[in-house]
Amino acid sequence: MKLRPLHDRVIVKRLEQETKTASGIVIPDNAAEKPDQGEVLAVGPGKRSDKTGDFVVLNIKVGDRVLFGKYSGQTVKVDGDELLVMKEEDLFAVVEK
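All of these numbers come straight from a predicted model, not from anything done at the bench. (Residues numbered from 1 in each chain as written. Predicted model: local features only at pLDDT ≥ 70, side-chain atom pairs only at ≥ 80, totals over all residues. Heavy atoms only, no water.)

With that settled, the discussion passes to the pairing of strand β5 (residues 65-68). Side chains V66 and F68 project from β5 onto a buried face, and the interleaved R65 and L67 project onto a face without burial. In this sheet, β5 lies alongside strand β2 (residues 37-43) in antiparallel orientation, the contact comprising three bridges. Paired with E39 across the strands is R65, a residue of β5. (Buried < 20%, exposed > 50% of the residue type's maximum accessible area, 1.4 Å probe, protein only. Helix = DSSP H or I, 4+ residues; strand = E, 2+ residues; numbered from the N terminus. Pairing = 2+ DSSP bridges.)

Next up, the structure:
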């Protein structure tokens, strides 16, 4: 199944966090926090401008690595994968390499 987000929404797949600290301590699954980084899988066309009615293009593109809040977005399951659907404004930053 493919998802095509509407308006200014994006679809993000959470990236797995490290299960070991810098000092070598292993963090069990039940104590680990939700990751707050993800990869953008799909981007909507944008929001309509009030003045012209044209779409305002999003600043995010497919493949970007982004930061977001731990409880941001709506979780959906697609083909066994857990994905997040959120508005562009829920994203904090793009992680540059």
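What follows concerns the side chain of D8. Mapped onto the elements of the fold, D8 is located in the segment before β1 (9-14). D8 gets classed as buried once you look at its relative accessible area, which sits at 6%. Setting aside chain neighbours within four positions, we find D8 in contact with G46, K47, L58, M86, K87 and E88. (Contact = heavy atoms within 4.5 Å.)

Tracing the chain through its elements places D64 in the loop between β4 (55-56) and β5. Among the polar contacts listed, one links the side chain of D64 to the backbone nitrogen of K61, at a separation of 3.0 Å. Beyond its immediate chain neighbours, meaning those up to four positions away, D64 contacts G38, E39, V40, N59 and V94. (Polar contact = N/O pair within 3.5 Å; in protein donor to acceptor, adjacent residues only side chain to side chain.)

Spatial relationships are all this shows, so hold off on functional conclusions.
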